[in-house]
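# Overview (structure and organization)
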Amino acid sequence: MAGKPTPLSGFPELLPEQRIVEQQVVDTLRHTFELYGFGGIETRAVEPLDQLLRKGDTSKEVYLLRRLHEESAEGHAGMGLHFDLTVPFARYVLENAGKLEFPFRRHQIQKAWRGERPQEGRFREFTQADIDIVGRDALPFHHDVEVTRVMVDALTRLTFLPGFRLQVNNRKLIQGFYAGLGIDTGDEVMRLVDKLDKLPVEKVRELLVSEAGVDEATADRVLSLAEIRTADATEVARLVGDLGVDHPLLAEGVDELTRLLDGVADLVGDRVRVEADLSIARGLDYYTGTVFETRLAGYESLGSICSGGRYDSLASDGRTTYPGVGLSFGVSRVIVPLMARTGLAADRSVPSVVLVALTGEDSRPASDAVATALRSRDIPCEVAPSAAKFGKQIRTAERRGIPFVWFVQPDGTHQVKDIRDGNQVDADPAAWTPSAHDLRPTIVSTEPPTEEQHP
RNA sequence: GUGGGCGUAGCUCAGCUGGUAGAGCAUCGCGUUGUGGUCGCGAGGGUCGCGGGUUCAAGUCCCGUCGCUCACCCCA
């Protein structure tokens, strides 16, 4: 009954050379977030069940905590693992409202858990990286622009990943447009429009008529709005205006969306684009203004890999309301499929840039001394595990992707060999330094496949 | 939760209408006795997911079960 353990579906684990990729993604995100003054927090893994279930009928996706010796009538402890970082954050804000400075900005990079059936990019245990800004009673719109700028900057710095396309819309714009058309089933219409990336337009038109009860002319105008897509801030007002609908909320939404595109224009580039996409709505729940989705170039079937938006009531204690705006980047969702599909990984499986060769166990102190000298100058290195033949020691380095092997010569001098080109030179343990490029593992960047290309 | 596909060596897989288990890559050794990669030769490695059934005989057929996987549902 011994046998090899098998992987647990939905609980991905990485090899060392893959974990390096994940850590570099997380390090880059954190570094960028902190450049903008977002401090980090970590919340506990569990929340009371009533907190987790406030947002709807998702109880079946929550992992419950239960003692083996559970005796309560419910059969569980009344606690569950959090399924995102927003709900725990909202609770944290309320709990610590008296001690926090508002507007409060934080980043949070943690695991989350969902009991759903795993698929590519969708796991039961996964890592997310969130930024949010929360105000007390009010939160000016410029913060919507700010979080977008932070995330665009962060994505831009993930140079070893494919490009990103951030799609932005605004709930006020949609709701104002629907109100201007006299639609009174706005939520239902929005939910159907949100399916445009899965169902053909004709099908959605049918559903709008049959399920949302709008007439065909109205359905066509709803779809015309949803077809609007532009990266040009000045185009938004013109394209929406051409549809001839008038409503104060619509005007407000157009203005916000325009300001947002304007506000990030200087940061966008080839790898990270931002565009207005008026079909984006996000799940119905609590977004009230700006909404975001993000596609990974060449991996559109993964769906949105970085989402978020504005919620006028992220949290409320009954007396005070805390509006927020934020974005959530799906770390696992992006990197695990890339590793599976393209072999994305670091060029070595260990941090070491040098393997110090070993001539014999009696000379291990001499090799250790070399390693100590290198480490004192922040050069990661390791000493060979055994005094095997030098050919084997070199092979050990090669298999781990370590680029340099260090030899202590019989006369006590030193040489270091770059095993990639075979070049071997005299070196001083107190002075030799690898190139900055070699010092840390490098991620082999991935080119997007050209086949995939859809919504 | 529903439906399909697949479980054979470390990995990728072959194995026909049942007849005692294979390849490539990887690993280890030797050629080359302290400077790798190429090349050549050789070796090790398997309760064929698990349980039951049919049969003289099951990796192969049947039933069950577990796992993985894809799609649907869902996606706060």
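Residues numbered from 1 in each chain as written. Chains lettered and ligands numbered in written order. Predicted model: local features only at pLDDT ≥ 70, side-chain atom pairs only at ≥ 80, totals over all residues. Heavy atoms only, no water.

The next thing to look at is the overall build of chain A. Assigned secondary structure in chain A consists of 14 helices and 16 strands. The burial tally for chain A puts 49% of its 455 residues in the buried class. Nonlocal contacts in chain A, meaning residues at least 24 apart in sequence, comprise 70% of its contacts between residues at least 6 apart. When the accessible surface of chain A is totalled, it reaches about 21900 Å², and 50% of it is carbon and sulfur. With 53 positive and 70 negative side-chain charges, chain A shows a separation of 5 Å between the mean positions of the two kinds. (Helix = DSSP H or I, 4+ residues; strand = E, 2+ residues; numbered from the N terminus. Buried < 20%, exposed > 50% of the residue type's maximum accessible area, 1.4 Å probe, protein only. Contact = heavy atoms within 4.5 Å. Areas by Shrake-Rupley, 256 points an atom, 1.4 Å probe, with all protein chains shown as cover. Lys, Arg positive; Asp, Glu negative; His and termini not counted. Charge placed at Lys NZ, Arg CZ, Asp CG, Glu CD.)

Moving on to the domain arrangement of chain A. Splitting chain A by domain gives domain 1 (16-342) and domain 2 (354-439). Using C-alpha coordinates to define each centre, domain 1 is positioned 49 Å away from domain 2. (Domains from an automatic or database assignment.)

By nearness alone, 35 residues border RNA strand B, and S9, T359, F390, K392 and I419 come closest of all. A breakdown of the atoms of RNA strand B within 4 Å of the protein gives sugar and phosphate a share of 45%. K392 has a polar side-chain atom sitting 2.4 Å from a phosphate oxygen of RNA strand B. Between a base oxygen of RNA strand B and a side-chain N or O atom of Q424, the distance comes to 3.1 Å. Considering each element in turn, the surface near RNA strand B owes the most residues, 7 residues, to helix α13 (residues 390-400). (Near = heavy atom within 4 Å. Polar contact = N/O pair within 3.5 Å; in protein donor to acceptor, adjacent residues only side chain to side chain.)

In this structure's numbering, the residues bearing the UniProt feature "binding site: L-histidine" (unreviewed entry) are D84, L85, T86, R114, Q128, D132, R282, Y286 and Y287. Inspection of the secondary structure puts R114 in the loop between β4 (104-113) and β5 (125-134). The class for R114 is partly exposed, based on a relative accessible area of 29%. Ignoring anything within four residues of it in the chain, the contact list for R114 reads E61, Y63, F83, D84, F123, R124 and F126. At 2.9 Å, the side chain of R114 and the backbone oxygen of F83 are in polar contact. Its location among the elements puts R282 in the loop between β8 (272-277) and β9 (290-296). For R282, a relative accessible area of 22% gives the class partly exposed. Residues in contact with R282, not counting those within four places in the same chain, are R171, D194, Y287, V291, F292, E293, S304, S307 and G308. (UniProt positions renumbered as here; feature names shortened; annotations may be inferred.)

Right, let's get into the packing of helix α5 (residues 171-180) against helix α10 (residues 248-264). Between α5 and α10, whose axes approach to 7 Å, the crossing angle comes to 155 degrees. Viewed along their axes, α5 and α10 adopt a mutual orientation that is roughly antiparallel. You can see that α5 and α10 cross each other, and the crossing is left-handed. On α10, the residues that touch K172, L173, Q175, G176 and F177 of α5 are L249, L250, E252, G253, V254, E256 and L257. (Axes fitted to C-alpha atoms, helices over the stretch in contact; angles between N-to-C directions. Parallel < 35°, antiparallel > 145°, perpendicular 65-115°, else oblique. Left-handed = near helix turned anticlockwise from the far one by under 90°.)

Time to look at the environment of Q424. Topologically, Q424 is positioned in strand β16 (residues 423-426). The spacing of Q424 and W406 is 18 residues in sequence and 9.2 Å in space, taken between C-alpha atoms. For Q424, the contacting residues outside a window of four places in its chain are F407, Q415, V416 and K417. Of the polar contacts made by the side chain of Q424, one reaches the side chain of Q415; its length is 2.7 Å.

Where two aromatic rings form a pair, the distance of their centres and the angle of their planes describe that pair. Enumeration over the complete set of coordinates arrives at 9 aromatic pairs. Centroid distance Y286 to Y311: 5.0 Å. Interplanar angle 65 degrees. Geometry classified as edge-to-face. In this pair, Y286 is assigned in the loop between β8 and β9 and Y311 in strand β10 (residues 306-316), connecting sequence segments 25 residues apart. In this pair, the class of Y286 matches that of Y311, namely buried. Note that R106 overlies the ring of F89, its terminal NZ or CZ placed 3.7 Å from the centroid. A cation over a ring is seen here: R420 above F404, with NZ or CZ 5.4 Å from the ring centre. (Phe/Tyr/Trp six-rings, centres within 6.5 Å; stacked < 30°, edge-to-face > 60°. Lys NZ or Arg CZ within 6 Å of the ring centre and 35° of its normal.)

What follows is about the sheet that holds strand β6 (residues 164-170). Read across the sheet, 9 strands follow the order β1-β4-β5-β11-β10-β9-β6-β8-β7 without closing on themselves; strand pairing throughout is mixed. Either end of the sheet is taken by a strand with one partner, and the two such strands are β1 (39-40) and β7 (229-230). In this sheet, strand β11 (residues 321-330) lies alongside β10 in antiparallel orientation, the contact comprising 8 bridges. Paired with Y311 across the two strands is G324, which belongs to β11. Sheet strands in contact with α10 are β6, β7, β8 and β9, and its direction is about 155 degrees off that of β6. Sitting on the sheet, helix α11 (residues 331-342) touches β5, β9 and β11, and the angle it makes with β11 is about 5 degrees. (Pairing = 2+ DSSP bridges.)

Moving on, we get to a positive patch on the surface. A grouping of K389, K392, R395 and R399 is seen on the molecular surface, where their side chains present a positively charged patch. Topologically, K392 is positioned in helix α13. Residue class for K392 comes out partly exposed when judged on its relative accessible area of 45%. (Patch = residues over 30% accessible without salt bridge, like charges linked within 9 Å, V, L, I, M, F, W, Y side chains within 5 Å. Salt bridge = Lys/Arg side-chain N within 4 Å of Asp/Glu carboxyl O.)

The subject of this paragraph is helix α3 (residues 86-95). In terms of burial, α3 is largely enclosed, as 8 of its 10 residues are buried. Turning to α3, the residues buried within the fold contact β2 (46-48), α2 (49-52), β4, β5, β10 and β11.

This part covers the layout of surface pockets. Put simply, the second largest pocket is a space of about 270 Å³. Around the second largest pocket sit 14 residues that line it, and L14, R19, E22, K111 and T127 are the ones nearest its centre. Within the residue set of the lining of the second largest pocket, elements represented by two or more residues are α1 (16-35), β4, β5 and α11. Among the residues forming the lining of the second largest pocket, the class breakdown is 6 nonpolar, 3 polar and 5 charged. (1 Å grid on protein atoms, 1.4 Å probe; cavity = no way out; pocket = protein on both sides within 12 Å on 5 of 7 lines; lining within 4 Å. Points joined across faces, edges and corners; volume = space filled by probe spheres on them. Nonpolar A, V, L, I, M, F, W, Y, C, P; charged D, E, K, R; others polar.)

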